[in-house]
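The residues making up each chain are set out below.
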Amino acid sequence: MKEKAFGSLSASRISYGLAACVLVATLAYGQGAANAPADPPPAQAAAHETITPLDPPTVYVASGSTGSNNGIILGDDGVIVVDTGVSAASEKVEMEELSKITSKPVTTAIVTHSDGDHVNGLAVLPTGITIISQENCKKEMEAAESAPSRGPQATKPPLPTRTVAMKDSATIGGVEFQFLHVAPAHTSGDLIVYLPAQKIVFTGDIIADNSPYPIIHMEKNGSSEGWIQTVEAIVALDANTFVPGHGAVHTKADIEQRLASVKARRAQIQALVAQGKSLDEIKQELGEAAAPAPGGRGPRFPSFTEVVYGELTKKG
Ligand SMILES: [Zn+2]
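Residues numbered from 1 in each chain as written. Predicted model: local features only at pLDDT ≥ 70, side-chain atom pairs only at ≥ 80, totals over all residues.

## Concerning helix 5 (residues 135–146)
Then, number 1: Taking 1.5 Å of rise per residue, 12 residues should cover 16 Å, and helix 5 covers 17 Å from first to last C-alpha, within 8% of that figure.
Then, number 2: Every buried residue belonging to helix 5 is among Asn136, Cys137, Lys138, Glu140, Met141 and Ala144, and all of these are buried. (Helix = DSSP H or I, 4+ residues; strand = E, 2+ residues; numbered from the N terminus. Expected span 1.5 Å × (residues − 1). Buried ≥ 20, exposed ≤ 12 C-beta atoms within 10 Å, placed from the backbone.)

If you want it as structure tokens, here you go:
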């Protein structure tokens, strides 16, 4: 039932999430931005934000104008958020919605990775709160801070105050959290956020509905092999609700299915590389036309096939 409620997310909201991701990619990954056509601003309707109960009265998910799924956990003395919106403005909309269900202040933010559509909203959260991330995520955020202009981002997000290497746990506001990093996957600094009592997992963009195969940020040292190891660890958790970085809530069966299809695809690419096929030949063989990705405007991340091919043919 819970999944159903959340699964009823309108298609327009989900595709907004996609638009935001592409836009953020433009902002955050600089180089391509100058010569790439600017995406039009996301639909005006995007100012809409919905907070959906997942395990009330403790766990909720916010989505809509934030561009990414954001966890909201109501602790005894404050609110813990998992990821934030794509911009300060979208985060303000989320905070307005949040004020309708609690008057408690946000005391802690946990970020699943360093992409702008998950961290930019940190800029408008109360100053001095605890911000938790994987240690490489913090490094990526520091690098982004010192990079020259990343676009019209008025306020830079504050940096994490507490980092996790591989595994950690904490009780925050009476709620038990476990944090897990397995290997570089979507980025080098992914952090899985697990609520054992509620059997809920926030996966960040390791799982996201915006692409049939995972998006691996090579520029942030992500890894397709690491993705498989990470998702195997996600599946092994005693949980039944999995909140992806974008899109509707997944069941364990959904995650298992995705894992199996990604493993099969990677094995297929590996076999074709072993036969000495070129990237173009492999794409052709896999039925990946040279046509742009659906909805395609603006820069795109390398496809899963391109990433795996690059990993397998890298010299040294
Ligand atoms: Zn994202």
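## Concerning the sheet that holds strand 3 (residues 70–74)
Then, number 1: The strand order across the open sheet formed by 7 strands is 1-2-3-4-5-6-7, and the pairing between neighbours is mixed. Lying at the two open borders of the sheet, with one neighbouring strand each, are strand 1 (49–55) and strand 7 (162–164). When strand polarity is set aside, the average angle formed by the axes of neighbouring strands in this sheet is 20°.
Then, number 2: Across 4 bridges, strand 4 (residues 79–82) lies against strand 5 (residues 106–110) in parallel orientation. (Pairing = 2+ DSSP bridges. Axes fitted to C-alpha atoms, helices over the stretch in contact; angles between N-to-C directions.)

## Examining unusual backbone geometry
Then, number 1: With an omega of 5°, the peptide bond between Pro56 and Pro57 qualifies as cis.
Then, number 2: Here Pro57 is to be found in the loop between strand 1 and strand 2 (59–64).
Then, number 3: One non-glycine residue, Lys199, lies in the positive phi region at around 55°.

## Description of the nonpolar core
Then, number 1: Of all hydrophobic cores here, the largest spans 58 residues; its most connected members are Ile72, Val193 and Val201.
Then, number 2: In this structure, Val193 is in contact with Gly71, Val82, Ile110, Thr112, Phe177, Phe179 and Phe202, ignoring residues within four places of it in sequence. (Core = buried A, V, L, I, M, F, W, Y, C linked by C-beta atoms within 7 Å. Contact = placed C-beta atoms within 7 Å.)

## Things to note about the packing of helix 7 (residues 252–274) against helix 9 (residues 304–313)
Then, number 1: Interaxial distance between helix 7 and helix 9 falls to 10 Å at its minimum, and their mutual angle equals 50°. With respect to each other, helix 7 and helix 9 are oriented oblique. Here helix 7 runs over helix 9; the crossing is right-handed. Contacts between helix 7 and helix 9 involve Arg265, Arg266, Ile269, Gln270 and Val273 from the first element and Phe304, Thr305, Val308, Tyr309, Leu312 and Thr313 from the second. (Parallel < 35°, antiparallel > 145°, perpendicular 65-115°, else oblique. Left-handed = near helix turned anticlockwise from the far one by under 90°.)

## Observations regarding the sheet that holds strand 9 (residues 175–180)
Then, number 1: Taken in spatial order, the 5 strands line up as 8-9-10-11-12 in an open sheet, and their pairing is mixed. Edge positions in the sheet fall to strand 8 (167–172) and strand 12 (241–244), since each has one partner strand and no second. Neighbour to neighbour, the strand axes of the sheet diverge by 20° on average, direction disregarded.
Then, number 2: Bridge count for strand 11 (residues 200–204) against strand 12 is 4 bridges, and the pairing is parallel. Within strand 12, the position partnered with Phe202 by the bridge is Val243.

## Considerations on the packing of helix 6 (residues 224–236) against helix 7
Then, number 1: Running from N to C, helix 6 and helix 7 point in directions that differ by 155°, and their axes come no closer than 10 Å. Compared by their axis directions, helix 6 and helix 7 come out roughly antiparallel. Considering only the axes of helix 6 and helix 7, their crossing is left-handed. Along the contact surface, helix 6 presents Ser224, Ile228, Val231, Glu232, Ile234 and Val235, while helix 7 presents Lys252, Ile255, Glu256, Leu259, Val262, Lys263 and Arg266.
Then, number 2: Here the residues of the contact of helix 6 with helix 7 are counted per class, giving 7 nonpolar, 1 polar and 5 charged. (Nonpolar A, V, L, I, M, F, W, Y, C, P; charged D, E, K, R; others polar.)

## Examining the confidence of the model for the protein
Then, number 1: On average, residues of the protein carry a pLDDT of 84, and 79% of them reach 70 or more.
Then, number 2: Here residues 1–45 scores under 50 on pLDDT; set against residues more than four positions off or in separate chains, the count is 77 contacts. (pLDDT = per-residue confidence, 0-100.)

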